[in-house]
Amino acid sequence: MADVRRGARRATVAGSALAVASLALTLDNLRRLRVPDPVAVPAPEPLAVLLPVRDEVDDVEACVVALLVAADRWPGPVRIVVLDDGSTDGTTEVVARLAAAHDRLEVHPGRPAPPGWLGKPWACAQLADLAPEATALVFVDADVRLAPSALTATVALLRAARLDLVCPYPRQVAGTAAERLVQPLLQWSWMSTLPLGLAERSARPSLGAANGQLLAVDAAAYRRAGGHGAVRTEVLEDLALLRALKRVGAHGGVVDGSALASCRMYDGWPDLRDGYGKSLWSAFGSPVGAAGVVGLLTLTYVVPPLAAATGSRAGLVGYGAGVASRAVVARRTGGRAWPDALAHPVSVLTLARLVAGSVVGRRRGTLRWKGRPVEVAR
């Protein structure tokens, strides 16, 4: 029994030390995080705004209307290109109606994916091929709502910082309790673990973060890296694209896009569970990697609060550090800090459940998204 207590104390101290170190990194990253200037206007250049859609009838009209408003501020030639990737829910009719009313909007039917391609990379590759004249490409997801300054501010930062890829991370809208537990972990995860200053300029493909909800890329660098053809089998194609760019000497990463865009990815637990289920298995490299990351998160953010509940001062320090890290990220990115940050250990345990479900679903071959398998057949 004494050995168990000593082991528990050591685990608590180790977890709390990691939580404090992560808080320090979070604060440093908040200082370094780039923020696009909403009033900046880039030099005129041909821009293509690329929107892949598949069964997005509830989102596509609001997304396109916001894109059109943002495109009105662009100082040079701009095209908004929509690829309808086999929609069956009425999306096709909505985008056709919008295209008939707006000359700047183009809608193209997607072609069936060739062998060896996943649906999202194939849709994005087709979109890029439809805009050969563009020198800057902006990929947008249908559940994103752009602010009027989003396009000008994003490309202005891309050019002023001499980067090749910029992902302004949208403000994540969370409605239900499940969303409020999980969605804030998106920004918090890279803000608390990734040294942003180093990651942005590092040539290491493994060191970086990206988000395909809103992604701007220099067209020449994109094509030099092989475009989405280089990531044709990747479920997390946004992160894989950044890594492909790094392999050819390009640079980029995430920036604060909370004032430029918002996104509600999922609506409730079933939608959230299925959405994360399709991709979390690939986020950590292997089941062993997934188990290692979940174990480390549990040690850092679950063990200390459990110990604090039994009177451990070290555990209280660790719990406080985890809550503080979550809260400061939420305040910076437009999320809800209180009382949600107090439930951070529950958020981590919920993430662990999602990871486990994703890994098991992948091993059983049962993962699908919008009617398609989520990985290329082996």
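Residues numbered from 1 in each chain as written. Predicted model: local features only at pLDDT ≥ 70, side-chain atom pairs only at ≥ 80, totals over all residues. Heavy atoms only, no water.

1. Comments concerning the overall build of the protein
When helices and strands are tallied, the protein shows 15 helices and 10 strands. For 378 residues, the compact-globule estimate of 2.2 N^0.38 gives 21 Å, and the protein sits close to it at 21 Å. Summarising its shape, the C-alpha atoms of the protein cover approximately 75 × 45 × 40 Å along the three principal directions. For the protein, with 378 residues in total, the buried portion stands at 52%. Excluding contacts between residues fewer than 6 apart, the proportion of contacts in the protein whose partners are at least 24 apart in sequence is 82%. Charge separation in the protein, taken as the distance between the mean sites of 43 positive and 33 negative side-chain charges, equals 11 Å. (Helix = DSSP H or I, 4+ residues; strand = E, 2+ residues; numbered from the N terminus. Rg over C-alpha atoms; globule rule 2.2 N^0.38 Å. Buried < 20%, exposed > 50% of the residue type's maximum accessible area, 1.4 Å probe, protein only. Contact = heavy atoms within 4.5 Å. Lys, Arg positive; Asp, Glu negative; His and termini not counted. Charge placed at Lys NZ, Arg CZ, Asp CG, Glu CD.)

2. Comments concerning the packing of helix α2 (residues 60-71) against helix α3 (residues 91-101)
Two elements in contact, α2 and α3, have axes whose closest approach is 10 Å; the angle formed by their N-to-C orientations is 25°. Viewed along their axes, α2 and α3 adopt a mutual orientation that is roughly parallel. When you trace α2 past α3, the crossing you get is right-handed. Along its contact with α2, which presents V60, E61 and V64, the element α3 presents T91, V94, V95, R97 and L98. When the residues that make up the contact of α2 with α3 are grouped by side-chain class, the tally is 5 nonpolar, 1 polar and 2 charged. (Axes fitted to C-alpha atoms, helices over the stretch in contact; angles between N-to-C directions. Parallel < 35°, antiparallel > 145°, perpendicular 65-115°, else oblique. Left-handed = near helix turned anticlockwise from the far one by under 90°. Nonpolar A, V, L, I, M, F, W, Y, C, P; charged D, E, K, R; others polar.)

3. Examining the pattern of salt bridges
For side chains bearing opposite charge, pairing can occur when the charged atoms are close. Per the counting criterion, the structure on display carries 19 salt bridges. Across the pair E179 and R264 runs a salt bridge whose closest N-O atoms are separated by 2.7 Å. Here the residue E179 occupies a position in helix α6 (residues 177-182), and R264 occupies one in the loop between β8 (252-263) and α11 (269-277), the gap between them amounting to 85 residues. Judged by relative accessible area, E179 falls into the buried class, the value being 0%. Judged by its relative accessible area of 35%, R264 falls in the partly exposed class. Note that R273 and D274 form a salt bridge whose closest N and O atoms lie 3.2 Å from each other. Judged by its relative accessible area of 37%, R273 falls in the partly exposed class. (Salt bridge = Lys/Arg side-chain N within 4 Å of Asp/Glu carboxyl O.)

4. Comments concerning the packing of aromatic side chains
With the rule as written, the count across this model stands at 5 aromatic pairs. Here Y169 and W190 contribute two aromatic rings whose centre-to-centre distance is 5.5 Å and whose plane-to-plane angle is 35°, an arrangement assigned as tilted. Here W190 lies in helix α7 (residues 185-191) and Y169 lies in strand β6 (residues 165-172), a separation of 21 residues in the sequence. When the centroid spacing of 5.1 Å and the interplanar angle of 75° are considered together, the rings of W188 and Y301 count as edge-to-face. With a gap of 113 residues between them, W188 in helix α7 and Y301 in helix α12 (residues 287-301) connect regions that are remote in the sequence. For the residue pair W188 and Y301, the accessibility class agrees, reading buried in each case. (Phe/Tyr/Trp six-rings, centres within 6.5 Å; stacked < 30°, edge-to-face > 60°.)

5. Topic: the sheet that holds β6
The strand order β3-β2-β1-β4-β7-β6-β8-β5 describes an open sheet built from 8 strands, whose pairing is mixed. Strand pairing shows two members of the sheet lacking a second neighbour, β3 (105-109) and β5 (144-146), which therefore form its edges. Shown here is a sheet whose adjacent strand axes are inclined to one another by a mean of 30°, direction ignored. In this structure, strand β4 (residues 136-140) lies alongside strand β7 (residues 214-218), joined through 5 bridges in antiparallel fashion. What sits directly across from F139, in β7, is L215. Contacts from helix α4 (residues 119-129) reach β1 (47-53), β2 (78-84) and β4, with the element oriented near 150° to β1. (Pairing = 2+ DSSP bridges.)

6. Quick notes on the pairing of β6
With respect to burial, β6 is a largely interior element, 7 of its 8 residues being buried. Here β6 runs beside β8; their pairing, made up of 8 bridges, is parallel. Within the sheet, the bridge partner assigned to Y169 lies in β8 and is D256.

7. A closer look at the nonpolar core
In terms of nonpolar packing, the biggest core is built from 67 residues, with L137 and F139 touching the most fellow members. The residues touching F139, leaving out its near neighbours within four places in the chain, are L50, C124, A128, G212, Q213, L214, L215, V217, Y222 and H228. Within the second largest apolar cluster, 34 residues are counted, among which are I80, V82, V95 and L214. (Core = buried A, V, L, I, M, F, W, Y, C linked by side-chain atoms within 4.5 Å.)

8. Observations regarding the pairing of β1
Burial of β1 is extensive: 7 of the 7 residues sit out of reach of the surface. Side chains L47, V49, L51 and V53 of β1 all project onto a buried face; the interleaved residues A48, L50 and P52 project onto the opposite face, where all are buried too. Of the strand pairs in this sheet, β1 and β2 are connected by 7 bridges, and their pairing is parallel. The partner of L47 across the bridge, within β2, is V78. Following the backbone out of β1, through α2 and into the adjacent parallel β2, one traces a crossover that is right-handed. Bridging between β1 and β4 involves 4 bridges; their strand directions are parallel. Within the sheet, the bridge partner assigned to L50 lies in β4 and is F139. (Right-handed = clockwise from strand over helix to strand, strands pointing away.)

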